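Close look at the chain arrangement
Each chain, letter by letter, is given below.
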Amino acid sequence: MRRVLMLALVLAAAPGALMAQSSQFGIRGLGFPGRSTSVQGMGAAGAFSFFDPASSINPAALTQSRAFTASYTILQNYRSSRIGDLSESGRDTRFPQVAIGGPVRGTRLAFGVSFSGLTDRDFELAATTMVPIRGVPVEVHDTLASTGGLSDLRLAAAYAAGGWNVGAGVHVITGSNRVQLSRVFADTAYAPVTQRSEISYAGAGFSAGAWRAFGDRLTVGGMVRIDGEASVDRDSGRVAEVPLPLSFGGGLQWRASPRLAVGGQALFRKWSRADEALRALGGTGALDAIDLSAGVELTRNARRAQHRPIRFGARFATLPFPVESGERVREVGVSLGTGLRFAQDRAGVDHAGVDLSLERVWRGARGGFRETAWLIGIGITVRP
Amino acid sequence: MRGPALGFLLAISLGACQEKLTSPGGCPELCPSDNLVIEDVVLDALLDSTFTGFLGAGEGSRLLLANGLGGEELISVVRFARRSDSITVRDTARVFEIDSVLLTVNVEGRDPAATGLAVEVYRLPATVAVDAGTTYDQVAAELLPERLLRTVPVPDDLTSGALRVVFTGAELGAIAFAPEDDNVLRLAYRLVAPAPTGLLLASSAAGATGPGFITFTRVALADTTVRQPLPRIVQFQTSLDATPAGTPSPDLLTVGGAPSSRAILRFALPPRIRDSAEIIRATLQLVPVAPFTGMPGDSALLDTRGVFSDLGAKSPRISSSDALIVKQRLVPGSSDTLFVEVTPIVRLWATDPAPPSALFLALDPEAASFTLAQFGSSRTPEARPTLRITYALPYPFEVQ
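Positions within a chain are numbered from 1, following the residues in the order the chain's sequence is written. Both sets of labels track the order of writing: A upward for chains, 1 upward for ligands. Given that the model is predicted, a residue must reach a pLDDT of at least 70 before its local features are reported, and side-chain atom pairs must reach 80 or more before they are shown or counted; all residues, however, enter totals for whole chains, interfaces and linings.

**With respect to the overall build of chain B**
Only DSSP runs of H or I reaching four residues or more are called helices, and only runs of E reaching two or more are called strands; each is numbered from the N terminus. What chain B contains, in helices and strands, is four helices and 25 strands. The globule rule is 2.2 Å times the number of residues to the power 0.38, and the radius of gyration it is compared with is taken over C-alpha atoms. Relative to a compact globule of 400 residues, whose C-alpha radius of gyration would be 21 Å, chain B shows 31 Å and is clearly more extended. The dimensions of chain B, computed from C-alpha atoms along their principal axes, are 105 × 75 × 40 Å. Buried means a residue has 20 or more other C-beta atoms within 10 Å of its own C-beta, exposed means 12 or fewer, and partly exposed covers the counts in between; C-beta atoms are placed from the backbone. With 400 residues in all, chain B has 39% of them scored as buried. Restricting to contacts in chain B with at least 6 residues of sequence separation, those with at least 24 account for 81%. By the convention adopted here, residues are in contact when the distance between their C-beta atoms, placed from the backbone, does not exceed 7 Å.

Here it is as structure tokens:
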């Protein structure tokens, strides 16, 4: 137990905010949506996330865990953003998913705590334009920077009985943005402008899910999540209550052979609930979002499936916060992944593991907004 | 396999040390400019007034000479400290012989176009006290040919530097003291030139370059002769105007002159700006009611500062940083509206605690220039001083 506590402390002390990747499409609304998926899941484009105990999508997936497990995700993002003829490359590192959980010995219960990036508002915009001041056009150089986002703390429990696996989770949504605007004038008679603010968010939600294996080959799962409203405060004053989405989806896994699994999932998030509130704030509103993925996992050794498997998959998603009102942002990605397991004991249990994923994504929206990115994921798994 | 995996981890970790988040901000979709509102407002001065008497003539860093410049006749007078009859050599006070006497003045400014200038150095009698009560007429009456010690030409190419007069041998009689002089030398300097112009001389307030009076002494001892200079400091100096300016008009804002005048302008900063806006530019607009007087080549500056507290004429000026002292050159003869950028000062008015929203105007150098500026005040509607403030409102960070 001491080792478990120590691991939890180490993970909690890890640097950086828990957020998904940064993107120019994370500037609007509440930011760029996170995927709440482990690196193991990302390798197959998220196709098996409904059955992955290290992901935070389906609470019932916790029953898949055979031992107490802690997993930690590092995501390195190299991207190129383009708006019309303007382009800029960027890079950043995030820690989008931490999960700790496992079965309660002697029972059919499993518990888990996870911390995921719900949305990411890390961005920095640079622009040069002309602004009329005192009746004269003046060239200005603007930088708008934001760090932060919304995080999702989930406390979940799952139970297995009669072939069914059911689970439920309580979500605490919290987060903040530290935002800064800097403006420098080409005419030095004007003093530079620097303004800072902190936008904080708070909310709560509930999720429930189930999965069941039908025979040796087919496994089916589903989930539903209801989030309430996020309170949005600027510095110390309340500025808005933004409804968070109703989410539901399903996934399936087909084990074609002991060494080959094929999976897919569909997830729908009704972000349009936030549309009115975001528009009332002067924003571009919100649209419903879908996330579809399909993938394959090919294992070398069916008895040690997580050691050096080959995972790959493809994914299509729409993003909830349009750059221009009503113009949907689309994302397509293909991914590849594998993993290593270490420190196997006499019972054949691996006590440590590293999973790797490489994903190439293309994002775009009308108006000349394009973005490509390489996402490199590293997942560290420890079983004390 | 462990090695490559660890290498990959290390590479990723190193890459993670740097972040670069910048994306292009395309306008108008992702352009911050659209949401940052910039406005400006023009404020009229309130309760503005002129105060006179900060530095008197001769208390500044320069003495003024003029022969009709701007219709003014100015002469300067100097009284040196008493010269003793003896000097101390080898711990003994000894009577000295005078070897020579050196009189100096330093030119600090002139009209570069004026030629043929010369400075007449007169010795004033003891009947002219050379103190604060001395008048132009008293001195002018003593500027007689027999009191003229020397006329010192000012080379046409001299813009700054020393003018020296040396008395030796028989010439020493002209500078010898009579009993009624009490060993005190009193001098008057007058400018002569073929055309009206002016000349600026360093005063003792400028330091070592002020008027000089040095007696080079000689003391004969048994086995040697000791030579020793005996300098005398300036005890009083002033510039005297044949037609002194009267009290400045209460309806105008006057800056400069001697005794020097300063002006204070107060503004009511709107609460909207004080509480939540960020001031990005503030321009003080002053409208001269007459061309600035002065001499070409006399570089006087309008010195604008904030005040720590508003105590009228005695308001302590904020001088804690060069950035908070705004100086702008006044061009003699110009009557163009003056635009003074006072952004650093006005930004202080929106801080907490904020100094009074007032500007104190003075001339630099004070009481040491021919320049005099007169601006319209809040009581002259056609030439009212104003402050134009441009400010940015809070950026709506929550709007995206």
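**Digging into the overall build of chain A**
Helices and strands together make up the secondary structure of chain A, namely three helices and 18 strands. The C-alpha radius of gyration of chain A comes to 22 Å, within 12% of the 21 Å expected for a compact globule of 384 residues. Its C-alpha atoms give chain A principal-axis dimensions of about 80 × 40 × 40 Å. The 384 residues of chain A split such that 52% are buried. A separation threshold of at least 6 residues defines the contact pool for chain A, and within that pool the share at least 24 residues apart is 63%.

**Remarks on the confidence of the model for chain B**
Residues and elements named next belong to chain B. Here chain B shows a mean pLDDT of 89. Residues at 70 or above account for 91%. Counting interchain partners and residues more than four positions distant, the pLDDT-below-50 stretch residues 1-18 has eleven contacts. Interface confidence for the predicted complex, expressed as ipTM, amounts to 0.78; the pTM equals 0.76. Across the chain, each position has a pLDDT score giving the predictor's confidence in that residue, from 0 to 100.

**Side note on the confidence of the model for chain A**
Looking at chain A as a whole, the pLDDT averages 89, with 94% of positions reaching at least 70. pLDDT under 50 marks residues 1-21 of chain A. Its contacts with residues more than four places away, or in other chains, come to 45 contacts.

**Points about the environment of Phe-25 of chain A**
Residue and element names in this part refer to chain A. Inspection of the secondary structure assignment puts Phe-25 in the loop between helix H1 (2-12) and strand S1 (32-33). Between the C-alpha atoms of Phe-25 and Pro-322, which are 297 residues apart in sequence, the distance is 7.6 Å. The residues touching Phe-25, leaving out its near neighbours within four places in the chain, are Phe-32, Leu-319, Val-323, Val-329, Arg-363 and Glu-371.

**Quick look at the domain arrangement of chain B**
All names here are of chain B. An automatic or database domain assignment supplies the residue ranges for each domain. As far as domains go, chain B holds domain 1 (36-55 + 245-392) and domain 2 (72-241). Of note, the centres of domain 1 and domain 2, computed from C-alpha atoms alone, are 39 Å apart. Listed as interface residues are six residues of domain 1 and, on the opposing side, nine residues of domain 2. In the scheme used here, Gly and all other residues not listed as nonpolar or charged are polar, with Ala, Val, Leu, Ile, Met, Phe, Trp, Tyr, Cys and Pro taken as nonpolar and Asp, Glu, Lys and Arg as charged. Of the residues assigned to the side of domain 1 that touches domain 2, the class counts are four nonpolar, one polar and one charged.

**Brief notes about the pairing of strand S17 (residues 350-365) of chain A**
All names here are of chain A. Of the pairings in the sheet, the one linking strand S16 (residues 329-344) to S17 comprises 14 bridges and is antiparallel in character. Across the sheet, the residue bridging to Gln-344 is Asp-350, located in S17. Should DSSP find at least two bridges between two strands, the strands are regarded as paired. Two successive antiparallel strands, S16 and S17, enclose a turn made up of five residues, where Gly-348 displays a positive phi of approximately 85°. In terms of strand pairing, S17 meets strand S18 (residues 369-382) through 14 bridges, oriented antiparallel. In the strand pairing of S18, Asp-355 is matched with Gly-379. Hairpin connection of S17 to S18: three residues between the antiparallel strands, including Gly-367 at a positive phi of 105°.

**Regarding unusual backbone geometry**
Residue and element names in this part refer to chain B. Note that the residue after Asp-352, namely Pro-353, is joined by a cis bond; omega there is 0°. With respect to the element layout, Pro-353 can be found in the loop between helix H4 (343-348) and strand S23 (358-364). The omega torsion of the bond from Asp-364 to Pro-365 falls at 5°, within 30 degrees of zero and hence cis. If you trace the backbone, Pro-365 turns up in the loop between S23 and strand S24 (372-376). In this structure, Ala-367 takes a positive phi of about 55° despite not being glycine. Positionally, Ala-367 belongs in the loop between S23 and S24. Under the C-beta neighbour-count criterion, Ala-367 is labelled buried, with 25 such atoms within 10 Å.

**Section: the environment of Leu-330 of chain B**
Residues and elements named next belong to chain B. Within the fold, Leu-330 resides in strand S21 (residues 326-330). In sequence terms Leu-330 and Val-184 are 146 residues apart; their C-alpha atoms lie 40 Å from each other. Leu-330 has contacts with Phe-292, Ala-300, Leu-301, Leu-302, Thr-371 and Ala-373, leaving out every residue within four places of it along the chain.

**So, the sheet that holds strand S19 (residues 278-286) of chain B**
All names here are of chain B. Here four strands make up an open sheet; going across it, the order is S2-S25-S19-S22 and the pairing antiparallel. In the strand order of this sheet, the two ends are held by strand S2 (38-44) and strand S22 (338-341), each with one partner. With direction set aside, neighbouring strand axes in the sheet form an average angle of 20°. Helix axes are fitted to C-alpha atoms over the stretch in contact, other axes to C-alpha atoms as well, and angles between N-to-C directions run from 0 to 180 degrees.

**Looking at the nonpolar core**
All names here are of chain B. A set of buried residues qualifies as a nonpolar core if it consists of Ala, Val, Leu, Ile, Met, Phe, Trp, Tyr and Cys joined through C-beta atoms within 7 Å. Within the largest apolar cluster, 81 residues are counted, with the highest numbers of intra-cluster contacts made by Val-255, Leu-359 and Leu-361. Counting residues per element, this core draws most heavily on S23, which supplies six residues. Discounting chain neighbours no more than four positions away, the residues touching Val-255 are Ser-261, Arg-262, Ala-263, Leu-302, Leu-361, Ala-362, Leu-363 and Ala-373. Residues Val-77, Leu-185, Leu-201 and Met-295 belong to the second largest nonpolar core, which totals 39 residues.

**Notes on the environment of Leu-187 of chain B**
Residue and element names in this part refer to chain B. Relative to the helices and strands, Leu-187 resides in strand S12 (residues 186-192). A count of 23 C-beta atoms within 10 Å places Leu-187 in the buried class. Measuring from C-alpha to C-alpha, the distance between Leu-187 and Val-121 comes to 6.7 Å, with 66 residues separating the pair along the chain. If we ignore the near neighbours within four places in the chain, the residues touching Leu-187 are Val-77, Val-78, Val-121, Tyr-122, Arg-123 and Leu-124.

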